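Residues per chain, in single letters:
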Amino acid sequence: MQNSVKAAIQENHLLSKGDRCIIAVSGGADSMGLLHALLSLNGIFKTSYRVIHVHHGLRGAEADRDANFVRSTCERYHVPCKVICVDVTGYAAQHKMSTEEAARYLRYQVLENEAVRWETEDDAAGQVKIAVAHNKDDNAETILMQMARGSGLKGVAGMSPVRGRIIRPLLDVSRKEIEAYLIREEESWVNDSTNAGSDYTRNRIRHDILPLFISEVNAASVDNITRAGKLAGQADRYLTGCARNILDSVRKPYKNGYKIPVGEFVRQDCIIRNYMIRLLVSEVSRTMKDITARHIEDIAALAYGESGKHIDLPYRLVAERIYDDIAVYRIEDPDGAQTGKDATQAYFVFRAFPYHGETVPEDKYTKWFDYDKIDDLMDIRFRQPGDKLELKGVGTKTLRAYMTDAKIPQGDRDSIQIVAAGSNVIWLVGYRISERYKVDSSTQTVLEIKYEEEE
């Protein structure tokens, strides 16, 4: 297994000599195999490692057992380890999402926060990477789920070895290989009882569907499925490049978007047309969330419709046939400002660094905060009941009361973005920051947040 991990690291440039890397360790076989393999190979890659175990607070004594197991293993390996507890049940209820979805979100948020914290210790050392233990079987399950959901080639491609700072060194290693490796190395692991049930879609694929493929269709199903995923990814990248070259040569600005000539559009193969539409929509909206295959097909069909025919899309987007063109653009209000939650087209840039008494900037859309005072996971969202803001000389006030006192128009309140830690507002963008998180003489680490509108 070590050879497979070594080859994956070298082939995909996952780690370089002198890198820093957080290893996400649950205590299960996959993450224990990852931990053992990476440490065993450290004579080659010379990487500094830390272990993070996220305690989801879901399985009582069993979860406590897992956390203690990871701690003791890391002590034996002489690897720094931190156990971080999160409230999955509360977060899922607050944000109206499944327990599984909330656990995944909080887990990655914890890993990202810890990576940023490590970077602040020596910002000259470069990005901190995060190693997770997804294996070949996980990838096959993901590909099957994406196929069942009707995903395009990008979704069917499955997991990528690298996504941002996330690295996956085990994607070419099966679950059986990992367990055999641990047994051979006389290393133990713990089992999560929830993995044995069929409560989640992935578990049903893992325990029922994929084994049926292996036993009744082809014993090499996992290898074949993941190989097909790699081919789908290659095809997706090639087709995206083809469509991009055509789109860049024919599109023209139109209102708050672009238009393309119907004549050039219909000359392309059907799959290139769909890729052109996807690229066009993503450039106007900056997200493809909630944009379905049906939306793409309906937009493409405008090439054969009459001038004036239009389609309303999520995020206040409109696709319209305008004489000899197809246009995709955003709707704005009469004053030229976008309205509504889905219309916000902006992004946030985060940067953490040591504080040495520098002057705090007074830019309306660049704010500094005391990073160590932020004691909960950060979220970028719109207002929610229970949100509160700490004001100088006043104390804590509900966000609703503050908006009323500040005479913010009622129609604008739901479209103002906020950075929050739980129910505590860190920054009401465009208005003010919380007194609670301000930089002062005791600040050691600054978190800079920039709000930038997309053009």
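How each quantity is defined
- Residues numbered from 1 in each chain as written.
- Predicted model: local features only at pLDDT ≥ 70, side-chain atom pairs only at ≥ 80, totals over all residues.
- Heavy atoms only, no water.
- Helix = DSSP H or I, 4+ residues; strand = E, 2+ residues; numbered from the N terminus.
- Expected span 1.5 Å × (residues − 1).
- Buried < 20%, exposed > 50% of the residue type's maximum accessible area, 1.4 Å probe, protein only.
- Salt bridge = Lys/Arg side-chain N within 4 Å of Asp/Glu carboxyl O.
- Contact = heavy atoms within 4.5 Å.

**Re helix α13 (residues 270-285)**
Then step 1. Counted at 1.5 Å a residue, the expected span for α13 with its 16 residues is 22 Å, and the 23 Å between its end C-alpha atoms agrees.
Then step 2. Within α13 the residues assigned to the buried category are I272, R273, Y275, M276, I277, L279, L280, V281, E283, V284 and S285.

**What about the pattern of salt bridges?**
Then step 1. For the coordinates displayed, the defined rule picks out 33 salt bridges.
Then step 2. One salt bridge connects D248 with R244, and the closest N-O pair in it is separated by 3.3 Å. With D248 and R244 both in helix α11 (residues 221-250) and four residues apart, this pair spans about one turn of that helix.
Then step 3. Relative accessible area serves as the criterion here: at 40%, D248 is assigned to the partly exposed category.
Then step 4. Taking relative accessible area as the criterion, R244 reaches 25% and is therefore assigned partly exposed.
Then step 5. The partner of R244 in a salt bridge is E283, with the nearest N and O atoms 2.2 Å apart. Taken together, the positions of R244 in helix α11 and E283 in helix α13 put the pair 39 residues apart, joining distant regions of the chain.
Then step 6. It is possible to trace a salt-bridge network through shared partners that takes in D30, D138, E141, R175 and R206.

**Observations concerning the environment of L170**
Then step 1. With respect to the helices, strands and loops of the structure, L170 is situated in the loop between β6 (166-167) and α9 (175-184).
Then step 2. Separated by 199 residues in sequence, L170 and F369 place their C-alpha atoms 38 Å apart.
Then step 3. Ignoring anything within four residues of it in the chain, the contact list for L170 reads M1, V5, D30, L34, A133, H134, N135, K136 and I178.

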